[in-house]
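Below are the chains, spelled out letter by letter.
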Amino acid sequence: MIEHILIVFTVGLCFTFVRNDFSYYKTDYYSEKYGHFSEFERVEMLEAAKEMFYWGYDNYMQHAFPLDELDPIHCTGRGPDHDNPSNININDVLGDYCLTLIDSLDTLAVMGDSDGFIQAVQLLTDHLSFNRNNTVQVFEANIRVLGGLLSAHLIITDPAQPFGNMTPPNYDDDLLHLAHDLGSRLLPAFENTATRLPHPRVNLLLGVPVDTHNSTCTAGAGSLLVEMGMLSHLLGDPVYEGAARRAIKALWSYRDASTGLLGNVIDITTGQWTNKLSGVGAGLDSFYEYLLKSYILFGDDGDLKMFNAAYRKIKRFMRKG
């Protein structure tokens, strides 16, 4: 995903922003023993990580592809639960779109597996379609599927090719076209809401379901800009970035008047918080993360101002000890 590519730089920037005084952090027996790798240990762990990845990846490809994921107990593929549409634990995530293969694209590239990466791109070009009567969560489809396709496209078209030659023969922006198709299928979630907050779920074929829930978590509505914004920049079409930015600004406008903090769950029809518990954990975490990442990607000062303001409020009202 795009956010995967950004994470090292972003974490470093956040750490610098929070504190530059490294002497503040105490050293003890455990940090001395486990706080760094020797070169031998680094290589050993590198190989162990590759082995673990390929164990999962190869078994997915052998037993589950083109379904979304491997059911390790039964060693079969798994997709949406069509028999129980209300099973959102499965159906929010799995959409019959080769999810694990898309998730694996950037890992294959970062590990320098040119043959595996190019083969995966070709398989997606041949098998992937979003023309499916499946209802998925907008947040999950955005960060994993849209982000995975866009980041792989950026890796392919990067003139520097930092991971080796990752360009498939006769590549004609195939992953970008797929990302464009998916992005367009997610757009109905942003339409016809009084608050400009997106519906949490959308049917890939039919749009927003009639019986959809009207509540969404802050992270779900406010963590769409990195991928939607990049899609707009690559296509030269501002509609996707505009929808995601309007959602962020809407959330920002519903901050608590006295603390400046955001709640966890909000009703998209009324703008009322149905869960007022604030924090930096599940339900809110990536909202803050995406403000900073969006500023790094697109250079919009408004994103950085919101991040800094949120950071100050969190430090003031939520820090303990």
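Residues numbered from 1 in each chain as written. Predicted model: local features only at pLDDT ≥ 70, side-chain atom pairs only at ≥ 80, totals over all residues. Heavy atoms only, no water.

K.L.:
So what's going on with the pattern of salt bridges? Which residues, and what values?
P.N.:
Scanning the entire structure with this criterion turns up 10 salt bridges. Note that D181 is salt-bridged to R185, the shortest N-O span being 2.9 Å. A residue pair is termed a helical-turn pair when its members lie 3 or 4 positions apart in one helix, as D181 and R185 do in helix α8 (residues 174–186) at four residues. Residue class for R185 comes out buried when judged on its relative accessible area of 18%. The salt bridge involving R245 is made with D300; its shortest N-O contact spans 3.7 Å. Remark: D300 occurs in the loop between α12 (285–298) and α13 (301–317) and R245 occurs in helix α11 (residues 239–253); sequence separation between them is 55 residues. The class of R245 is buried, set by a relative accessible area of 13%. One salt-bridge network, held together by shared partners, links E241, R245, D300 and D303. (Salt bridge = Lys/Arg side-chain N within 4 Å of Asp/Glu carboxyl O. Helix = DSSP H or I, 4+ residues; strand = E, 2+ residues; numbered from the N terminus. Buried < 20%, exposed > 50% of the residue type's maximum accessible area, 1.4 Å probe, protein only.)

K.L.:
Please provide a residue-by-residue account of the packing of aromatic side chains, values included.
P.N.:
Here the structure, examined in full by the defined rule, presents seven aromatic pairs. An angle of 75 degrees between the planes, with centres 5.6 Å apart, marks the rings of F287 and Y288 as edge-to-face. Judged on exposure class, the residue F287 and its partner Y288 are both buried. The rings of F53, Y54 and Y57 are connected pair by pair, giving a single aromatic cluster. (Phe/Tyr/Trp six-rings, centres within 6.5 Å; stacked < 30°, edge-to-face > 60°.)

K.L.:
Tell me about the confidence of the model for the protein, and name the residues and values.
P.N.:
In the predicted model, the protein carries a mean pLDDT of 91, and the fraction of residues at 70 or more is 91%. When the criterion is pLDDT under 50, residues 5–24 qualifies, and its contacts beyond four places in sequence or with other chains add up to 21 contacts. (pLDDT = per-residue confidence, 0-100. Contact = heavy atoms within 4.5 Å.)

K.L.:
Would you mind going over the side chain of D113 in detail, with residue names and values included?
P.N.:
Mapping D113 onto the fold places it in the loop between α5 (99–110) and α6 (114–127). Sequence-distant contacts of D113, that is, excluding residues within four places in its chain, are made with Y54, L108 and M166.

K.L.:
Quick one: what's the story with a nonpolar patch on the surface, residue by residue and with numbers?
P.N.:
Among the surface-exposed residues, Y29, Y30 and Y34 lie close enough to one another that they form a single nonpolar patch of about 450 Å² accessible area. Tracing the backbone shows Y30 in helix α2 (residues 29–34). Residue classification places Y30 among the exposed residues on the basis of a relative accessible area of 57%. (Patch = residues over 30% accessible without salt bridge, like charges linked within 9 Å, V, L, I, M, F, W, Y side chains within 5 Å. Areas by Shrake-Rupley, 256 points an atom, 1.4 Å probe, with all protein chains shown as cover.)

K.L.:
Now, about the sheet that holds strand β5 (residues 215–217): what can you tell me, with residues and values included?
P.N.:
Hydrogen bonds between backbone atoms are what pair the strands of a sheet, whose relative direction is either parallel or antiparallel. Sheet architecture is open: three strands sit in the order β5-β6-β7, paired in antiparallel fashion. Looking along the sheet, the strands with just one partner apiece sit at the ends: β5 and β7 (273–275). This sheet shows a mean twist of 35 degrees between the axes of neighbouring strands, independent of strand direction. Relative to β7, strand β6 (residues 265–267) runs antiparallel, the two being bridged by two bridges. Along β7, the bridge assignment pairs I266 with W273. (Pairing = 2+ DSSP bridges. Axes fitted to C-alpha atoms, helices over the stretch in contact; angles between N-to-C directions.)

K.L.:
Give a description of unusual backbone geometry that names residues and reports values.
P.N.:
Here F65 and P66 are connected by a cis peptide whose omega angle stands at 10 degrees. Topologically, P66 is positioned in the loop between α3 (39–63) and β1 (69–71). A positive phi is found at C98, a non-glycine position, where the angle reads about 50 degrees. Structurally, C98 can be placed in the loop between α4 (88–91) and α5. One non-glycine residue, D173, lies in positive phi territory at about 55 degrees.

K.L.:
Tell me about α6, and name the residues and values.
P.N.:
Between its first and last C-alpha, α6 extends 20 Å over 14 residues, near the 20 Å set by a 1.5 Å rise per residue. Along α6, the residues classified as buried are S114, G116, F117, I118, A120, V121, L123 and L124. On its buried face, α6 sits against α3, α5, α7 (138–157) and α8. (Expected span 1.5 Å × (residues − 1).)

K.L.:
Can you tell me about the side chain of K293, naming the residues and giving the values?
P.N.:
Of note, K293 is situated in helix α12. By relative accessible area, K293 is classed as buried at 2%.

K.L.:
Can you break down the nonpolar core residue by residue, with the values?
P.N.:
With 77 residues, the main nonpolar core has Y97, L101, F117 and L149 as its most contacted residues. For this core, the element with the most residues is α7, which contributes nine residues. Look past the residues within four positions of Y97 in its chain and what remains in contact with it is D68, I102, L128, F130, V136, A141, V145 and L204. (Core = buried A, V, L, I, M, F, W, Y, C linked by side-chain atoms within 4.5 Å.)

K.L.:
Explain the environment of H180 to me, using residue names and the numbers behind them.
P.N.:
Structurally, H180 can be placed in helix α8. Taking the C-alpha atoms as reference, H180 lies 9.7 Å from Y240; in sequence the two are 60 residues apart. Aside from chain neighbours lying at most four places away, what touches H180 is L231, L235 and Y240.

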